[in-house]
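# Residue-level structural notes
What follows is each chain in one-letter form.
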Amino acid sequence: MLLEPGKIVTGTVTGISPFGAFVSLGEGKTGLVHISEVALSYVKNISDFLKEKDEVRVKIISIDDKGKVSLSIKQALLEEKKKNSASAAPAARVPKTERVDFSKKSNGEPLTFEDMMSKFKQASDEKMQDLKRGMESKRGTSYRRSSSSF
């Protein structure tokens with residue numbers, strides 16, 4: 001297999017060190033995934049993310065004159081995610097929020113600026129209430145603390 005920068009390949013983790021993971025790419029070739037290139041989030045301990053003999057998809061970042069191969073799991077993930085989102089059919093994409101038209105009354109007449117602002121404020125307040133209710137349910141207690149003293 002020809003290794004070249006920019007190519008995404010599959011490899012096997014052969015070793016873990018505090019600064020990264022060594023990945024076997026086959027045909028006797030090994031590369032290093034630096035700890036900063038292991039995941040999309042911050043990695044404090046590489047063992048939390050990888051183990052020896054894990055199969056991983058990596059992007060070849062560079063190959064220096066001595067044959068040292070630099071790899072990235074993070075860039076491979078980002079590239080594959082971008083590729084998958086671009087190939088998704090537009091009809092399959094679902095908007096995250098419903099759009100509200102603040103510019104017209106229910107009978108189709110245009111609203112004044114003050115009316116649009118009032119409608120926007122009302123929708124915004126409703127969304128904030130929903131968010132607060134969601135936070136309260138996650139915490140298991142009331143969002144506002146009582147002011148009683150012990």
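Whatever comes next refers back to the structure up there.
Residues numbered from 1 in each chain as written. Predicted model: local features only at pLDDT ≥ 70, side-chain atom pairs only at ≥ 80, totals over all residues. Heavy atoms only, no water.

### Observations regarding the packing of aromatic side chains
The following threshold applies: Aromatic contacts are taken between Phe, Tyr and Trp rings whose centres are within 6.5 Å, Trp giving its six-membered ring; a plane angle under 30 degrees counts as stacked, one over 60 as edge-to-face, and the others as tilted. Partly exposed residues are those whose accessible area sits between 20% and 50% of the maximum for their type, while under 20% is buried and over 50% is exposed, using a 1.4 Å probe and protein chains only.
Under the defined criterion, the tally for this structure stands at 1 aromatic pair. Ring geometry for Phe19 against Phe22: centres 6.3 Å apart, planes inclined by 85°, an arrangement best described as edge-to-face. A residue is classified by how much of its surface remains accessible, and Phe19, at 42% relative accessible area, is partly exposed. By relative accessible area, Phe22 is classed as partly exposed at 33%.

### So, the pattern of salt bridges
The condition that has to hold: Counted as salt bridges are all cases of a side-chain nitrogen of Lys or Arg within 4 Å of a carboxyl oxygen of Asp or Glu. The secondary structure listing takes helices from DSSP runs of H or I that are at least 4 residues long and strands from runs of E that are at least 2 residues long, numbered from the N terminus.
Considering all chains together, one arrives at 4 salt bridges under this definition. When the shortest N-O distance is used, the salt bridge between Glu80 and Arg57 registers 3.0 Å. Taken as a pair, Glu80 in helix H1 (residues 73-87) and Arg57 in strand E4 (residues 55-63) lie far apart in primary sequence, 23 residues in all. Classification of Arg57 by relative accessible area gives partly exposed; the value is 40%.

### A look at the side chain of Glu37
The cut-off we apply is this: Under this rule, positive means Lys or Arg and negative means Asp or Glu; His and the chain ends count for nothing. Pairs of residues are marked as contacts when any of their non-hydrogen atoms sit within 4.5 Å.
Within the fold, Glu37 resides in the loop between strand E3 (29-34) and E4. Buried within the structure, Glu37 lacks any salt-bridge partner; its nearest side chain of opposite charge belongs to Lys74, at an N-O separation of 4.5 Å. Apart from residues lying up to four places away in sequence, Glu37 is in contact with Ile61, Leu71, Ser72, Ile73, Lys74 and Gln75.

### Topic: a nonpolar patch on the surface
Threshold: In this scheme, patches are assembled from residues that exceed 30% relative accessible area and form no salt bridge. Like charges are connected within 9 Å, while nonpolar side chains (Val, Leu, Ile, Met, Phe, Trp, Tyr) are connected within 5 Å. Residue exposure ignores everything except the shown protein chains as possible cover, and the areas themselves are Shrake-Rupley values with a 1.4 Å probe.
Taken together, Leu40, Leu77 and Leu78 make up a surface patch of nonpolar side chains, about 260 Å² in accessible area. Relative to the elements of secondary structure, Leu77 occurs in helix H1. Overall, the relative accessible area of 40% leaves Leu77 in the partly exposed class.

### Side note on the sheet that holds strand E1 (residues 8-17)
Think of a sheet as strands paired side by side through backbone hydrogen bonds, with each pair either parallel or antiparallel. To be explicit about the condition: Two strands are said to pair when DSSP picks up at least two bridges between them. Between the N-to-C directions of two axes lies an angle of 0 to 180 degrees, each axis being a line fitted to C-alpha atoms and, for a helix, fitted only over the stretch in contact.
Sheet architecture is closed into a barrel: 5 strands sit in the order E1-E2-E3-E5-E4, paired in mixed fashion. Averaged over all adjacent pairs, the angle separating strand axes in this sheet is 50°, with direction ignored. Pairing of E4 with strand E5 (residues 69-72) involves 4 bridges; the strand directions are antiparallel. In the sheet register, Lys59 faces E5, and the bridge partner there is Ser72.

### Quick word on the environment of Val38
Of note, Val38 is situated in the loop between E3 and E4. Residue class for Val38 comes out buried when judged on its relative accessible area of 5%. Taking the C-alpha atoms as reference, Val38 lies 7.8 Å from Gly20; in sequence the two are 18 residues apart. When neighbours within four sequence positions are excluded, Val38 is seen to be in contact with Val33, Val43, Ile46, Phe49, Leu50, Ile73 and Lys74.

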